[in-house]
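# Architecture and fold: a report
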Amino acid sequence: MKQREWTYMLVFTAMAVLLTVMAGCGGSGTGNVTVKDPPNRETGGKMELVQIERKDDLYGLAWLSDTEIISTRKPLWMEGMIYVHSQGGAKGPDRELGIHSALTVNPSPDRTHLFVSNRMNASFVQIADGKRVSLDVSDETYSGHLNGDVRGAWIGENAYLLVTTYGLSVAGIHGDTTLVWTMKEYSESILKVEAVPDLEDPNRFKAYFLDQRGVLYKMNVVFDHLNHPSAKGEPQQVRTKVVDFSVSADGSKLAVAVETSENKNTVYLMETGTPDKATVLAEGRLAKQISWSPDGSKLAYSLFNLERGGSGLYVMDTKEGRTALVSLYPNLQSMLTWSPDGNRLMMSQENPEMNLTTERTKLMTEIYRFK
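In short, a report on the structure. Bear in mind the structure is a predicted one, so any value in this text is a computation, not a measurement. (Residues numbered from 1 in each chain as written. Predicted model: local features only at pLDDT ≥ 70, side-chain atom pairs only at ≥ 80, totals over all residues. Heavy atoms only, no water.)

### Some words on the pairing of strand β7 (residues 104-107)
Under the convention used in this document: Each residue's exposure class comes from its accessible area (1.4 Å probe, protein chains only) as a fraction of the maximum for that residue type: buried when under 20%, exposed when over 50%, partly exposed otherwise. Only DSSP runs of H or I covering at least 4 residues are called helices, and only runs of E covering at least 2 are called strands; the numbering of each starts at the N terminus. Two strands form a pair only when DSSP identifies at least two bridges running between them.
Burial along β7 is two-sided: Thr104 and Asn106 and Val105 and Pro107, pointing in opposite directions, are all buried. Inspection of the sheet shows β7 paired to strand β8 (residues 113-117) by four bridges, in the antiparallel sense. Paired with Pro107 across the strands is Leu114, a residue of β8. As consecutive antiparallel partners, β7 and β8 are separated by five residues, and within that stretch Arg111 has a phi angle of approximately 60°, a positive value.

If you want it as structure tokens, here you go:
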């Protein structure tokens with residue numbers, strides 16, 4: 001079945017690329033920027049996909065503002081410079097940030113600091129002057145190291161929740177790092193983590209994380225009067241057989257993709273207070289890349305389903321309940337990031353056209369603009 005599924009994905013990817021090229025341009029572009037017509041446009045609700053802007057030979061890592069993206073022009077495994085790139089109507093050349101070889105760049109909520117990480121190293125960079133503070137995430141007892149494949153999450157303006165080989169740690173912007181939870185089974189690893197503030201207590205945060213076994217957990221992280229972080233109680237199991245998830249910024253809603261049967265994933269929407277009650281949003285062979293917009297008005301997810309059709313990247317208007325197909329690419333391994341105002345969704349890919357030669361790795365970023 002795995003070989004058959006991989007064959008389906010290869011065929012679909014080739015078809016998707018051909019369809020995207022044939023779609024042509026919906027506007028004019030200069031250089032390697034192409035403005036395309038959306039594959040489908042919803043006009044009856046409040047959400048409308050109005051433009052797709054494609055940027056070749058560029059990989060977007062994060063949004064610095066609503067019109068600026070932090071990006072690189074080399075594959076992530078290479079030591080390429082990191083730039084701030086203006087998009088849309090903004091003008092001006094790319095400017096260097098003085099950062100090399102970053103797998104993750106995540107701006108703080110107030111846009112004053114960047115969390116930057118590679119496979120094994122991490123640091124905070126002050127945006128105003130480029131001052132860098134390196135982090136030591138090793139632990140004397142367990143000799144843990146940073147798990148650079150997992151993005152991590154900001155908890156407030158001054159601390160970051162990051163994944164280590166043996167658990168979760170909280171790093172302060174001044175360089176102090178505290179191990180807050182250690183996994184009981186060291187053979188397992190954490191695949192994804194998100195965190196949201198507790199609206200009733202500014203010193204408390206709720207962290208959600210998914211482990212390699214497909215178990216989704218919720219854990220409380222608190223700061224004492226000395227601003228020292230710790231986990232309050234043991235993590236609580238939320239759901240099993242989970243393949244992906246995302247929690248809304250206000251912490252009230254949870255979207256999860258669950259393996260409900262062989263070769264079938266179901267995307268559910270639920271209230272965090274009542275996870276047993278869920279609404280089905282979509283079903284397919286594979287569902288991934290679930291991501292909430294910062295204001296909670298939109299939910300993005302990717303679906304792969306050749307049998308029923310409709311594979312690609314979808315965005316749902318959570319207030320109106322309408323869903324729009326925004327890309328023909330399934331995007332199952334791509335990174336999705338929302339602009340701060342929630343009106344633009346960025347998808348970045350390496351090798352989107354199945355070019356597997358390492359020295360000529362193709363980069364591509366698409367930005368979907370809504371109103």
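### Some thoughts on the environment of Leu168
Formally: When checking whether two residues touch, look at their non-hydrogen atoms; a contact exists if any pair is within 4.5 Å.
For Leu168, the position within the fold is in strand β13 (residues 167-172). When residues no more than four places from it in sequence are discounted, the contact partners of Leu168 are Leu161, Leu162, Val163, Thr178, Leu179, Val180, Trp181, Ile190, Val193, Phe209 and Met219.

### Re the nonpolar core
Counted only if it meets this: By nonpolar core we mean a set of buried residues, namely Ala, Val, Leu, Ile, Met, Phe, Trp, Tyr and Cys, connected to one another through side-chain atoms within 4.5 Å.
Judged by nonpolar contacts, the single largest core of 22 residues is most densely connected at Ile155, Leu161, Leu168, Val170 and Phe209. Tallying contributions element by element places strand β17 (residues 216-223) first for this core, with four residues. Contacts of Ile155, omitting those with residues within four sequence positions, involve Tyr160, Leu161, Val170, Ala195, Phe205, Val221 and Phe223. By size, the runner-up hydrophobic cluster in this structure holds 18 residues, among which are Ala62, Ile70, Leu114 and Met335.

### Considerations on the sheet that holds strand β14 (residues 177-182)
Paired through backbone hydrogen bonds, the strands of a sheet run either parallel or antiparallel to each other. The strand order β11-β12-β13-β14 describes an open sheet built from four strands, whose pairing is antiparallel. At either margin of the open sheet sits one strand with a lone partner, and together these are β11 (153-154) and β14. Where β11 and strand β12 (residues 159-164) come together, two bridges link them in antiparallel fashion. Across the sheet, Ala153 pairs through a bridge with Leu161, a residue of β12.

### Concerning the packing of aromatic side chains
Going by this rule: Any pair of Phe, Tyr and Trp rings, taking the six-membered ring for Trp, is counted once the centres come within 6.5 Å. Such a pair is stacked with planes under 30 degrees apart, edge-to-face with planes over 60 apart, and tilted for the rest.
For the structure shown, the criterion picks out nine aromatic pairs. On the basis of an interplanar angle of 40° and a centroid distance of 5.0 Å, the ring pair of Trp181 and Phe209 is categorised as tilted. Separated by 28 residues along the polypeptide, Trp181 in strand β14 and Phe209 in strand β16 (residues 201-211) bring together distant segments of the chain. With respect to class, Trp181 is no different from Phe209; both count as buried. Ring geometry for Phe205 against Phe223: centres 6.1 Å apart, planes inclined by 80°, an arrangement best described as edge-to-face. On the criterion of sequence distance, the pair formed by Phe205 in strand β16 and Phe223 in strand β17 is long-range, its members being 18 residues apart. Here Phe205 falls in the buried class, since its relative accessible area comes to 8%.

### Thoughts on the sheet that holds strand β19 (residues 242-247)
This is how the line gets drawn: Fitted lines through C-alpha atoms serve as axes, helices being fitted only where they are in contact, and the angles separating the N-to-C directions of these axes extend from 0 to 180 degrees.
Across the sheet, four strands lie side by side as β19-β20-β21-β22; this open sheet has antiparallel pairing. At either end of the open sheet lies a strand with only one pairing partner, and these are β19 and β22 (274-284). Shown here is a sheet whose adjacent strand axes are inclined to one another by a mean of 25°, direction ignored.

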